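Each chain, letter by letter, is given below.
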Amino acid sequence: RSGRNPAILSAAYLLASDGPLWDWTTNPALSKRNGYREIVKDPKRQTLLNAASGLYRGTLPVSPDSLCDKRHTEDTLFRLIFTAFIVRRYGAAVIFAESGEIA
C-alpha cells in the first residue's frame, strides 16, 4: 500500500512540484535520454531531487543552514521542502488539510 506510505508521498510531493523533474523520474525512456547531469543543471531541481531522495530514505541530504539561507533557497522551494517534511512525519492528512479536502 504505497499510497499511504509517508516516505513515498513526501518524495512524490516534491518531485511532482516540478513538471520536467517529475517526467524525468517517472519515465524510464526519458531518464535514459536525458541523463542525471542534464536534469540537475538547475539548482532548484537538484535541491528538490536531493530532498526527495533523502525523505524517501529517511535522511537529510539538504543542510538546515542552506535551507534557511535565502541565497540558496527561495521561499517557494523552502515551503515545498518544509511541507514534504511534515508529510513525511504526519502522512497524507497534511496534504488534504492544505487543500481543504477531507481525508
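Scroll up to find the structure this text is about.
Residues numbered from 1 in each chain as written. Predicted model: local features only at pLDDT ≥ 70, side-chain atom pairs only at ≥ 80, totals over all residues. Heavy atoms only, no water.

**With respect to the packing of aromatic side chains**
Then comes step 1: Taken as a whole and judged by the stated rule, the model has 1 aromatic pair.
Then comes step 2: Ring plane angle 20° and centroid distance 6.0 Å describe the contact between Phe 78 and Phe 82, whose orientation is recorded as stacked. Of the two residues, Phe 78 and Phe 82 are both situated in helix H7 (residues 75–90); the distance of 4 residues between them amounts to about one turn of the helix.
Then comes step 3: Residue Phe 78 is classed as partly exposed on the basis of its relative accessible area of 31%.
Then comes step 4: Judged by relative accessible area, Phe 82 falls into the partly exposed class, the value being 47%. (Phe/Tyr/Trp six-rings, centres within 6.5 Å; stacked < 30°, edge-to-face > 60°. Helix = DSSP H or I, 4+ residues; strand = E, 2+ residues; numbered from the N terminus. Buried < 20%, exposed > 50% of the residue type's maximum accessible area, 1.4 Å probe, protein only.)

**A closer look at the pattern of salt bridges**
Then comes step 1: Considering all chains together, one arrives at 1 salt bridge under this definition.
Then comes step 2: Close ionic contact of Arg 45 with Asp 18 constitutes a salt bridge, the shortest N to O distance being 2.7 Å. With Arg 45 in helix H5 (residues 43–57) and Asp 18 in the loop between helix H1 (6–16) and helix H2 (19–26), the pair connects residues that are 27 residues apart, well separated along the chain. (Salt bridge = Lys/Arg side-chain N within 4 Å of Asp/Glu carboxyl O.)

**Structural notes on the environment of Lys 44**
Then comes step 1: Of note, Lys 44 is situated in helix H5.
Then comes step 2: Its relative accessible area of 27% is what places Lys 44 among the partly exposed residues.
Then comes step 3: C-alpha separation for the pair Lys 44 and Thr 73, spaced 29 residues apart in sequence, amounts to 7.9 Å.
Then comes step 4: Among all residues touching Lys 44, those that are not within four sequence positions of it are Glu 74 and Leu 77. (Contact = heavy atoms within 4.5 Å.)

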